[in-house]
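Structural overview for review
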Amino acid sequence: MIDGKKVLFSGMQATGNLTLGNYLGALKNWVTLSDEYECFYSVVDMHSITVRQDPATLRKRARNLLTLYIAAGLDPKKNCIYYQSHVSGHAELAWILNCFTYMGELNRMTQFKDKSAKHADNINAGLFTYPVLMAADILLYQADVVPVGVDQMQHLELTRNLAERFNNIYGDVFTVPEAYIGKVGAKIMSLQDPSKKMSKSDENPNGSIYLMDDPDTIMRKCKRAVTDSEACIRYTDQQPGLKNLIDIYSACTGNTPDQTVAEFDGKGYGEFKLAVGEAVVGVLKPLQDEFERLSKDKAYIDAVIKENAEKANYYATKTLRKVQRKAGFPDRIR
Ligand code: TRP
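Here goes a summary of the coordinates provided.

1. Looking at the pairing of strand β2 (residues 37-43)
- With seven of its seven residues buried, β2 lies for the most part within the structure.
- Neither face of β2 is left uncovered, since the one carrying Tyr37, Cys39, Tyr41 and Val43 and the one carrying Glu38, Phe40 and Ser42 both have all their residues buried.
- Bridging between strand β1 (residues 6-12) and β2 involves seven bridges; their strand directions are parallel. Paired with Ser10 across the bridge in β2 is Tyr41.
- For the crossover that starts at β1, traverses helix α1 (residues 20-33) and ends in the parallel β2, the hand is right-handed.
- Across four bridges, the pairing between β2 and strand β3 (residues 80-83) is parallel.

Following this line, the structure appears as structure tokens:
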């Protein structure tokens, strides 16, 4: 609890270009959570180097992502928006937690298996202990809730186990976090293969709408989206491409899927796709404009970075000192 509010932690990696799926599925909802919770939203740049990165590109993308958080509507006075690498407590707590994590637990992580298959030439120890760093992120702020997608549930489960394991030995040190499962989540699928999640690492750029795509590109991708030959607007798993477009339209307009179906009852796919494209442009254009405006305001973004890193450090250090004491490290002489 901070000032009577429950604590929320989440983070995103600055690798790849964010997609409409990242926005509708995560970022947009983060904004609605910031009244109810004391929120920490990190740009998790330390996680990014588990895969080889070009330093200049990583630095640029990290700054863009932090700027995007603000452009999406997260007020940096109310939400702690910061770089993970600016708070050394993440690495320090991760080390301690490493000593409470079993090899077998990490060996079971499906993301580790997937990523080591994908990066067979660089299966480094950081990739292996990635989930422990993630646990440190969350536990460092005593987070009560963590909004995550299903792909991160296994990591969150490990986080809970580590918190409980530590608490069982040393008493109540960590808050055991819960997953925050939003209302009917906007899980956005690829426009070219609706059985796959829309992903920033998709090889086919037509499958994803990127947050920085211009209006023409967005319209073109929507027009080309894979549908079916039923020629009837219904919201069913039998028409997964269409269902995805209904989800996108609904998330962009604030409609329920049923309302969207009613609105386009009897209309053709061509007309609907056009409306989907316009709805997406309607959401992304203001976001892009705000991003451009903020990007030019270097002094403002720098101030946010500095102030929020200090705030994050304050809370992180509080937890870290407690944990270090429990672990048996000598007190600091002041
Ligand atoms: N691993 C998460 C992802 O790739 C990002 C992340 C790192 C995160 N630390 C976190 C998410 C802590 C939630 C909480 O999506």
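2. With respect to the site of the ligand
- Around the ligand, the surrounding shell holds 13 residues, and the nearest of these are Phe9, Tyr130, Met134, Asp137 and Gln152.
- Within the contact set of the ligand, a nitrogen atom lies 2.7 Å away from a side-chain nitrogen or oxygen of Tyr130.
- Protein contact buries 88% of the 370 Å² of open area that the ligand shows by itself.
- Sorting the residues of the shell around the ligand by element identifies β1 and α7 (125-140) as the ones contributing at least two each.
- Per element, the largest residue contribution to the shell around the ligand is four residues, and it comes from α7.

3. Things to note about unusual backbone geometry
- Here the phi dihedral of Asp3 falls at roughly 50 degrees; this positive angle occurs in a residue that is not glycine.
- With respect to the helices and strands, Asp3 occurs in the segment before β1.
- A positive phi is found at Ala231, a non-glycine position, where the angle reads about 55 degrees.
- In this fold, Ala231 is placed in the loop between α9 (215-223) and α10 (240-253).
- Since its relative accessible area comes to 64%, Ala231 is described here as exposed.

Here is what the cut-offs are and how they apply
- Residues numbered from 1 in each chain as written.
- Predicted model: local features only at pLDDT ≥ 70, side-chain atom pairs only at ≥ 80, totals over all residues.
- Heavy atoms only, no water.
- Buried < 20%, exposed > 50% of the residue type's maximum accessible area, 1.4 Å probe, protein only.
- Helix = DSSP H or I, 4+ residues; strand = E, 2+ residues; numbered from the N terminus.
- Pairing = 2+ DSSP bridges.
- Right-handed = clockwise from strand over helix to strand, strands pointing away.
- Near = heavy atom within 4 Å.
- Polar contact = N/O pair within 3.5 Å; in protein donor to acceptor, adjacent residues only side chain to side chain.
- Areas by Shrake-Rupley, 256 points an atom, 1.4 Å probe, with all protein chains shown as cover.

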